[in-house]
Amino acid sequence: MGIRGGDSQVMVLEKFMFKLGLADVLRLTMFGTLISVARDITRLPLHLPGHTSIYWMGILVLGKGLIPKFGAGIVMGMVSGVLAVLLGEGKEGVLVFFRYFIPGLILDCLAPLFNYKLESLAVGAICGAVASLVKLAVNFAVGLLLKLPLALLALGLGISSLSHVLFGAAGGIIAALLIKRLKPRLTNWE
């Protein structure tokens, strides 16, 4: 009888959230924190729309590639979104959460389409680019919702979309290279 109780505790710990183990959720929390904090730490004076996607989408794709389970992107997006709200990032207030959460959700939907092969340069680039474009779309939607002056963004939406795609793809490619190097070395992560 005592063994069964212990087995049920192990089952609960093994399937903590989204069939992710507790260790996976803790690792994903680390990646989510990196996404939110990296923006404050790395201040790249590029003055190009979407330039933060090179590390933001890179970390997101890296986390999803190292923990290829459904819910990984959602957990990273939730953690980074909550931290962004708490750190006061952006002018959108609480709605800044969605700028971080939705790309993670989209990555969770995209990865199964590619059989979770995020170590492939093409797949990493596609996932990073799409997640970055989704971030741009969320920014635009929140701006419309809050009736922010988006005239400049609307005028340069084509150029802004292109730069988001390029930076997101670059972040995805960097992540794919890192996944390819790190995954074989992380055999005891399970």
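As shown above, the structure is provided for reference.
Residues numbered from 1 in each chain as written. Predicted model: local features only at pLDDT ≥ 70, side-chain atom pairs only at ≥ 80, totals over all residues. Heavy atoms only, no water.

Asks: Can you break down a nonpolar patch on the surface residue by residue, with the values?
Replies: Where nonpolar side chains cluster on the molecular surface, the patch consists of Val37, Ile41 and Leu87 and spans about 280 Å² of accessible area. Mapped onto the secondary structure, Leu87 falls in helix H4 (residues 72-87). (Patch = residues over 30% accessible without salt bridge, like charges linked within 9 Å, V, L, I, M, F, W, Y side chains within 5 Å. Areas by Shrake-Rupley, 256 points an atom, 1.4 Å probe, with all protein chains shown as cover. Salt bridge = Lys/Arg side-chain N within 4 Å of Asp/Glu carboxyl O. Helix = DSSP H or I, 4+ residues; strand = E, 2+ residues; numbered from the N terminus.)

Asks: Could you give an account of H4, with specific residues and numbers?
Replies: The terminal C-alpha atoms of H4 lie 22 Å apart, and with 16 residues this matches the ideal 22 Å at 1.5 Å per residue to within 8%. Within H4 the residues assigned to the buried category are Ala72, Gly73, Ile74, Val75, Met76, Gly77, Val79, Ser80, Gly81 and Ala84. Summarising the contacts, the buried residues of H4 are in contact with helix H2 (22-41), helix H3 (53-66) and helix H5 (96-110). (Expected span 1.5 Å × (residues − 1). Buried < 20%, exposed > 50% of the residue type's maximum accessible area, 1.4 Å probe, protein only. Contact = heavy atoms within 4.5 Å.)

Asks: Report on the packing of H3 against helix H8 (residues 157-182), specifying residues and quantitative values.
Replies: As a packed pair, H3 and H8 sit with axes 7 Å apart at the nearest point and diverge in direction by 40°. Regarding H3 and H8, the two cross each other, and that crossing is right-handed. Residues Ser53, Ile54, Met57, Gly58, Val61, Leu62, Gly65 and Leu66 of H3 pack against His164, Phe167, Gly168, Ala170, Gly171, Gly172, Ile174, Ala175, Leu178, Ile179 and Leu182 of H8. Of the residues belonging to the contact of H3 with H8, the class tally is 12 nonpolar, 7 polar and no charged. (Axes fitted to C-alpha atoms, helices over the stretch in contact; angles between N-to-C directions. Left-handed = near helix turned anticlockwise from the far one by under 90°. Nonpolar A, V, L, I, M, F, W, Y, C, P; charged D, E, K, R; others polar.)

Asks: Describe the packing of aromatic side chains, naming the residues involved and giving the relevant values.
Replies: Here a ring pair, both rings aromatic, is described through the centre-centre distance and the interplanar angle of the planes. Evaluation of the coordinates by the stated rule reveals 3 aromatic pairs. Both rings, one in Phe97 and one in Phe98, keep their centres 5.4 Å apart while their planes meet at 80°; by these two values the pair is edge-to-face. The exposure class of Phe98 is partly exposed, given its relative accessible area of 35%. Centroid distance Phe97 to Phe101: 5.4 Å. Interplanar angle 15°. Geometry classified as stacked. Taken as a pair, Phe97 and Phe101 lie in helix H5 at a separation of 4 residues, close to a single helical turn. (Phe/Tyr/Trp six-rings, centres within 6.5 Å; stacked < 30°, edge-to-face > 60°.)

Asks: Which residues make up the environment of Pro68, and what values go with them?
Replies: Residue position: Pro68 is located in the loop between H3 and H4. Of the residues examined, Pro68 reaches a relative accessible area of 29% and is grouped as partly exposed. Along the sequence, Pro68 and Leu118 sit 50 residues apart, while their C-alpha atoms lie 8.6 Å from each other. The residues touching Pro68, leaving out its near neighbours within four places in the chain, are Tyr116 and Lys183.

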